[in-house]
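Each chain is listed here by its residues.
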Amino acid sequence: MRRLMMNLLLLAAMCLCLSCNDKDFKHMERNGVYYWKTVLELGPDDYDFMDRHGIGRIYLRMFDVTAENCVSCTTFEKVAPNASLRVSPDDYRVTDVLNSMLVVPVVYITLDALKAVKGNEGQLAGLIVERVRRMCSYNEWTDVEGLQLDCDWTASTEQSFFSLCDSARLQIAQKGLPWTLSSTIRLHQLARRVPPVDYGVLMVYNTGNFSDPDVQNSIISINDVQQYLGHLDSYPLHLDVAYPTYSWQLLFRKRQFLGLLNGVDVADTACFASLDKNSHRALCDVMHKGKIICKGDIVRTEESAPCEVWAVKEAIERRMSKQRHSNIIYHLDQQNLSKYTADEIDKLYSTGWRN
């Protein structure tokens with residue numbers, strides 16, 4: 001009986017929490033940017049970029065939750081935080097700058113980890129919320145707006161992820177934290193139920209299958225995006241939209257995807273032969289950053305080409321012209337951002353509802 005009463009009290013608290021959050025939630029539109037590195041260190045160009053474009057919200061990846069390959073482990077020995085963010089001791093400005101904007105910590109949860117804790121999502125939520133709280137407190141970030149859960153949940157893991165979200169909201173309320181809760185929304189998830197969060201960020205990148213050797217550009221393609229936009233008009237959750245500005249290279253051997261690369265000089269005609277506009281075949285073995293690219297391997301170079309980003313953005317803005325929303329850049333990396341002019345970045349941040 002006592003356990004039943006406790007469960008009923010928890011359920012009531014959760015319902016109260018959800019109703020209060022729904023009633024009081026007011027999402028301020030701000031130009032946003034993701035920071036997706038393991039060391040938080042901002043250079044002069046980063047500060048100039050944020051000042052020039054009025055960045056008011058930063059999404060900081062805090063850590064990943066990954067699964068351990070351990071047969072004899074208990075449930076919570078099977079999952080662990082990985083690649084946690086640390087602040088560079090050499091960057092003395094970063095805390096002051098972050099405290100001048102809204103900070104949203106982000107935790108990426110792999111599907112394997114979500115499957116490993118099935119039935120124990122509440123405990124995982126408690127661990128995530130407390131770890132993020134401690135990291136923010138340790139780094140003296142005073143204007144933390146909320147927590148974001150990033151997971152590519154599918155039909156079979158939907159209920160587990162939703163339970164994780166419900167539990168995270170309850171944990172946030174019980175700790176008295178003034179946080180919102182958000183989640184990333186992949187394009188394919190637009191056709192599914194809405195997660196129990198305050199708002200979502202529509203990820204308009206990684207729109208194709210990067211491991212497919214026949215794909216031309218897996219980062220962003222209007223052809224990949226268009227098929228999902230029919231669900232956007234009626235999606236019953238506030239959405240902000242994240243667009244890519246990054247590039248990468250993918251390595252294939254005998255049509256099998258081997259991994260990501262960066263900085264391979266495919267223009268070196270002594271080592272590579274062009275196959276099409278973004279694929280090159282290795283003419284000999286090439287050593288690159290400790291990895292061997294074997295003769296015959298294919299390196300596919302993909303970019304967030306402005307023309308493709310604009311085509312996708314225009315299609316989305318037409319659908320969201322009556323919905324207030326913010327646009328976000330993925331992610332804060334000057335090597336990639338330097339390929340865009342300041343006017344192009346401003347165009348990316350512009351939204352149709354303001355016109």
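Up top is the structure these notes are about.
Section: the overall build of the chain
Along the backbone of the chain there are 10 helices and 18 strands. The C-alpha atoms of the chain give 22 Å as radius of gyration, which agrees with the globular expectation for 355 residues (20 Å, within 12%). In terms of principal-axis extent, the alpha carbons of the chain reach across some 75 × 55 × 45 Å. Of all 355 residues assigned to the chain, the portion counted as buried reaches 49%.

A closer look at the packing of helix 5 (residues 121-138) against helix 6 (residues 158-174)
Contact geometry of helix 5 with helix 6 gives a least axis separation of 8 Å together with a crossing angle of 50 degrees. In this view, helix 5 runs oblique relative to helix 6, as classed from their interaxial angle. The handedness of the crossing between helix 5 and helix 6 is right-handed. Contacts between helix 5 and helix 6 pair E121, G122, L124, A125, G126 and V129 from the former with S160, S163, L164, S167, A168, Q171 and I172 from the latter.

Structural notes on the pairing of strand 9 (residues 199-203)
The buried fraction of strand 9 is high, at five of five residues. The side-chain alternation of strand 9 yields two buried faces, one formed by Y199, V201 and M203 and the other by G200 and L202. Where strand 8 (residues 180-185) lies against strand 9, four bridges are found, and the strand directions are parallel. Its bridge partner being in strand 9, S182 is matched across the sheet by Y199. Bridge count for strand 9 against strand 10 (residues 239-244) is four bridges, and the pairing is parallel. Residue pairing across strands places L202 opposite V241, the latter belonging to strand 10.

Let's talk about the side chain of H325
For H325, the position within the fold is in the loop between helix 8 (306-319) and strand 18 (327-330). Given the relative accessible area of 0%, H325 is considered buried.

Brief notes about the nonpolar core
Nonpolar side chains in soluble globular proteins generally cluster together in the buried interior. I109 and L149 are the most contacted members of the largest nonpolar core, which totals 92 residues. Not counting residues up to four positions away in its chain, the partners in contact with I109 are V65, L114, I128, L149, D150, C151 and L164. Membership of the second largest hydrophobic core comes to 10 residues, among which are F272, A282, V286 and V299.

Remarks on the sheet that holds strand 12 (residues 256-261)
With antiparallel pairing, five strands are arranged side by side in an open sheet as 12-11-17-14-13. This sheet does not close on itself; its edge strands, each paired only once, are strand 12 and strand 13 (272-274). Across the sheet, the axes of successive neighbouring strands diverge by a mean angle of 30 degrees, strand direction being ignored. Where strand 11 (residues 247-253) meets strand 17 (residues 298-303), six bridges bridge the pair, whose relative direction is antiparallel. Paired with W248 across the bridge in strand 17 is E302.

Concerning the pairing of strand 12
Of the pairings in the sheet, the one linking strand 11 to strand 12 comprises five bridges and is antiparallel in character. Paired with R253 across the strands is Q256, a residue of strand 12. The turn linking strand 11 back onto strand 12 is made up of two residues, and K254 within it adopts a positive phi angle of 50 degrees.

Description of the side chain of S183
Assignment of secondary structure puts S183 in strand 8. With near-sequence residues (within four places) excluded, S183 lies in contact with Q148, L149, F161, P195, V197, Y199, G200 and V201.

Observations concerning the pattern of salt bridges
Applying the stated rule across the entire model yields 17 salt bridges. In this structure, the salt-bridge partner of E130 is R134, at a minimum N-O distance of 2.7 Å. Of this pair, E130 and R134 both sit in helix 5, separated by four residues, roughly a single helical turn. According to the relative accessible area criterion, E130 is buried, its value standing at 17%. By relative accessible area, R134 is classed as exposed at 54%.

Observations regarding the packing of helix 8 against helix 10 (residues 342-349)
Across the interface, helix 8 lies against helix 10 with an axial gap of 11 Å and an inter-helix angle of 20 degrees. Considering the angle they form, helix 8 stands roughly parallel to helix 10. Helix 8 and helix 10 meet at a crossing whose hand is left-handed. Judged by residue contacts, P306, V309, W310 and K313 of helix 8 engage E344, K347 and L348 from helix 10. Grouping the amino acids of the contact of helix 8 with helix 10 by side-chain chemistry returns four nonpolar, no polar and three charged.

Rules used in this analysis
Residues numbered from 1 in each chain as written. Predicted model: local features only at pLDDT ≥ 70, side-chain atom pairs only at ≥ 80, totals over all residues. Heavy atoms only, no water. Helix = DSSP H or I, 4+ residues; strand = E, 2+ residues; numbered from the N terminus. Rg over C-alpha atoms; globule rule 2.2 N^0.38 Å. Buried < 20%, exposed > 50% of the residue type's maximum accessible area, 1.4 Å probe, protein only. Axes fitted to C-alpha atoms, helices over the stretch in contact; angles between N-to-C directions. Parallel < 35°, antiparallel > 145°, perpendicular 65-115°, else oblique. Left-handed = near helix turned anticlockwise from the far one by under 90°. Contact = heavy atoms within 4.5 Å. Pairing = 2+ DSSP bridges. Core = buried A, V, L, I, M, F, W, Y, C linked by side-chain atoms within 4.5 Å. Salt bridge = Lys/Arg side-chain N within 4 Å of Asp/Glu carboxyl O. Nonpolar A, V, L, I, M, F, W, Y, C, P; charged D, E, K, R; others polar.

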